[in-house]
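Letter by letter, the chains look like this.
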Amino acid sequence: MRIAIALMQGPRPVANVVVFDCPPQPGHLTIAALVISTGILITIHRQMLDIMSMGQFPMMLAGIK
């Protein structure tokens, strides 16, 4: 409901930084945050699996933007 009200009110002044914590899987929430962003900061754990999965992220991001 709050989202619908915010959309009806129209755009607000641009923020310098907005922090949006998304789940790691590419669901609707994560994709929407990536589409509206102008830049992203990604934090990962220093574990090999997490580091290796970051190699696939640019390909997923290229398909979104």
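Note that the coordinates shown come from a computational prediction; the quantities given were computed from them, not determined experimentally.

**A look at the packing of helix α2 (residues 28-36) against helix α4 (residues 57-64)**
- α4 packs onto α2 with a crossing angle of 70° between their chain directions and a minimal axis gap of 10 Å. When the axes of α2 and α4 are compared, the pair comes out roughly perpendicular. Facing Ile31, Leu34 and Val35 of α2, the residues of α4 in contact are Phe57, Met60, Leu61 and Ile64.
- Class assignment of the residues belonging to the contact of α2 with α4 gives a composition of 7 nonpolar, no polar and no charged.

**Describing α2**
- Where α2 is concerned, the buried positions are Thr30, Ala33 and Leu34. Take α2 and look down its axis: the buried residues cluster within an arc of 100°, on one side only. Along α2, the residues that are exposed and aim more than 90 degrees away from the buried face are His28 and Ile36.
- Among the structural elements, α4 are those in contact with the buried residues of α2.

Thresholds applied
Residues numbered from 1 in each chain as written. Predicted model: local features only at pLDDT ≥ 70, side-chain atom pairs only at ≥ 80, totals over all residues. Heavy atoms only, no water. Axes fitted to C-alpha atoms, helices over the stretch in contact; angles between N-to-C directions. Helix = DSSP H or I, 4+ residues; strand = E, 2+ residues; numbered from the N terminus. Parallel < 35°, antiparallel > 145°, perpendicular 65-115°, else oblique. Contact = heavy atoms within 4.5 Å. Nonpolar A, V, L, I, M, F, W, Y, C, P; charged D, E, K, R; others polar. Buried < 20%, exposed > 50% of the residue type's maximum accessible area, 1.4 Å probe, protein only. Arc of directions from axis to C-beta.

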